[in-house]
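Geometric and topological summary
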Amino acid sequence: MSVTVVLQQMGVIIILVAIGIYLYKKQVVDNVTSQKISVIVMDFCNPALILASILSGNVTATHKDLLTAMILGAVFYLFLVLLGFLLPHILRADKAKHRFYNVMTVYTNVGFIGIPVAKAILPENAILYVIVCNVVYSLIFYTHGIAVLSGGKEKMDLKKVFSPGTVMAVLSLVVCWFGITPPPIIESSISYIGNATVFLSMLLLGVSIARSDVGEGFKDIRLWGYIVIRMIMLPVAMFFILRRLGFDELLVLGFSLMAMMPVGNLPLIQSEKMGEDTAILSSAITVTTIVSMITITLLMTLFTAVI
């Protein structure tokens, strides 16, 4: 994969985000519409894109590749759980905000943003590593994530572990492992649904940016510390460590890209449900999402040039 391809594809993503901003400013897409589109993307388009990528026949992972991806995915999130505990102390955040920085560190946007971005800038084989990250993410958020946010007061919700995205991700791994081929009518339907993901996801991202007050968030010094450590230093370290260990190029790029993702939405949704003050999470999501457009472009360009 060339540097030019990365720059071109990130340029496409920025244009799609700009369309979302424009449509919100022109009131073509309002808050109600964006909420409904979000449900379509999360429950239908994103899951379909995952499965469609496997069914395309362009993902040629072996059983060894799958096992390696799953082991590394588990190790990656185990490290993030540890970093989530340490980072609030490193940033010297207020003790009352430790749990928010904790979940911000572990639960980034590997699904809503990660899947379409990976689809846009990486070869199709790399989707395997994106799928694994999404599976592990879902398994631990509704256990570890809820426990951290609630201070141990909320019980884990196993029903929510089996969301459409998680079920489809697990199904995709099963299909890949056994080489299952569905009837053409099913495969084509899944492909058409999945193809809508990139545009709709980036459009919604633009809407989210357009309706946010980003000024205050950009003044938060600790948030910039989070960005430097979590979104720049971590993926850089991960890239060079995985390369040093001799892993495949696509695995290195896939996991490194997942390490660059901005703060995810699930911690915010869960905090609102618990009646918490979500100002820090809202600000972090907006600022890190905007900054990620730059950091992802620069880091992936650098990594591609190195490889």
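Cut-offs applied
Residues numbered from 1 in each chain as written. Predicted model: local features only at pLDDT ≥ 70, side-chain atom pairs only at ≥ 80, totals over all residues. Heavy atoms only, no water. Helix = DSSP H or I, 4+ residues; strand = E, 2+ residues; numbered from the N terminus. Rg over C-alpha atoms; globule rule 2.2 N^0.38 Å. Buried < 20%, exposed > 50% of the residue type's maximum accessible area, 1.4 Å probe, protein only. Contact = heavy atoms within 4.5 Å. 1 Å grid on protein atoms, 1.4 Å probe; cavity = no way out; pocket = protein on both sides within 12 Å on 5 of 7 lines; lining within 4 Å. Points joined across faces, edges and corners; volume = space filled by probe spheres on them. Nonpolar A, V, L, I, M, F, W, Y, C, P; charged D, E, K, R; others polar. pLDDT = per-residue confidence, 0-100. Phe/Tyr/Trp six-rings, centres within 6.5 Å; stacked < 30°, edge-to-face > 60°. Expected span 1.5 Å × (residues − 1). Bend = angle between axes of the 7 residues up to and from the residue. Polar contact = N/O pair within 3.5 Å; in protein donor to acceptor, adjacent residues only side chain to side chain. Core = buried A, V, L, I, M, F, W, Y, C linked by side-chain atoms within 4.5 Å.

Helix and strand counts for the protein chain come out as 15 helices and zero strands. Rg of the C-alpha trace for the protein chain: 18 Å, near the compact-globule value of 19 Å for 307 residues, within the 12% margin. When each of the 307 residues of the protein chain is scored for burial, the buried share is 50%. Of all intrachain contacts in the protein chain linking residues separated by at least 6 positions in sequence, the fraction that spans at least 24 positions is 85%.

Along the polypeptide, T297 turns up in helix α15 (residues 279-306). Excluding its chain neighbours within four sequence positions, the residues that come into contact with T297 are V6, L7, M10 and S292.

So, on to the layout of surface pockets. Empty space left among the atoms is revealed by rolling a probe the size of a water molecule over them. Considering only enclosed or pocket space, the largest pocket measures out at about 1500 Å³ in volume. The wall of the largest pocket is formed by 49 residues, among which S38, M42, N265, L266 and I269 lie closest to the centre. Residue assignment for the lining of the largest pocket shows that the elements contributing at least two residues are α2 (31-55), α6 (127-150), α8 (164-178), α10 (197-210), α11 (214-218), α14 (266-273) and α15. In terms of residue count, the dominant contributor to the lining of the largest pocket is α2 (10 residues). Among the residues forming the lining of the largest pocket, the class breakdown is 19 nonpolar, 23 polar and seven charged. Here the second largest pocket is characterised by a volume of approximately 240 Å³. What lines the second largest pocket is L72, V75, F76, F79, L234, A237, M238, I241, L242 and F255.

Applying the stated rule across the entire model yields one cavity of 30 Å³ or more. The calculated volume of the largest cavity comes to roughly 40 Å³. In terms of lining, the largest cavity is formed by S53, A118, K119, L122, P123, E124 and I127. Split into classes, the residues belonging to the lining of the largest cavity amount to four nonpolar, one polar and two charged.

Turning our attention to the confidence of the model for the protein chain. Residue-level pLDDT values for the protein chain average 86, and 94% of them are 70 or greater. At the low end of the mean pLDDT range in the protein chain sits helix α7 (residues 158-161), at 66; at the high end sits helix α12 (residues 221-244), at 96.

This part is about the environment of V29. Note that V29 resides in the loop between α1 (3-25) and α2. Along the chain, V29 and V207 lie 178 residues apart, while their C-alpha atoms are 7.7 Å from each other. Apart from the residues lying within four places of it in its own chain, the contact partners of V29 are L23, Y24, S34, L203 and V207.

A few words now on the packing of aromatic side chains. The relation between two aromatic rings is expressed through the spacing of the ring centres and the mutual angle of the planes. Under the criterion given, the structure shown has nine aromatic pairs. With a centroid separation of 5.4 Å and 90 degrees between ring planes, the pair formed by Y107 and Y137 is classed as edge-to-face. Remark: Y137 occurs in helix α6 and Y107 occurs in the loop between α4 (98-106) and α5 (114-121); sequence separation between them is 30 residues. The same class applies to Y107 and to Y137, which are both buried. Plain terms: the ring middles of F239 and F240 are 5.0 Å apart, the flat faces sit at 85 degrees to each other, and that makes the pair edge-to-face.

Three or four residues apart is the spacing at which side chains of an α-helix point the same way, because the helix has 3.6 residues per turn. Between its first and last C-alpha atoms α2 spans 34 Å; for 25 residues at 1.5 Å apiece the expected length is 36 Å, and the two agree. In the structure, α2 departs most strongly from a straight axis at V41, where the bend amounts to approximately 45 degrees. Where α2 starts, the residue carrying a side-chain oxygen 3.3 Å from the main-chain nitrogen of V32 turns out to be D30.

This part takes up the nonpolar core. Here is a general trend for soluble globular proteins: nonpolar side chains tend to be buried in one another's company. Counting residues in hydrophobic clusters, the biggest one holds 106 residues, and the most contacted among them are Y77, Y226, F255, L257, I296 and M300. Here the element with the most residues in this core is α6; it accounts for 16 residues. Look past the residues within four positions of I296 in its chain and what remains in contact with it is M10, V117, I121, L257, M260, M261 and T301.

Glycine aside, a negative phi is what most residues show, and trans is what most peptide bonds show. Notably, Q27 is not glycine yet its phi reads approximately 65 degrees, a positive angle. With respect to the secondary-structure elements, Q27 resides in the loop between α1 and α2. Positive phi, normally seen in glycine, also occurs at R92, with a value near 55 degrees. Here R92 is to be found in the loop between α3 (63-90) and α4.

On to the environment of K26. Note on placement: K26 falls in the loop between α1 and α2. Considering only alpha carbons, one finds K26 and L49, 23 residues apart in sequence, at a separation of 29 Å.

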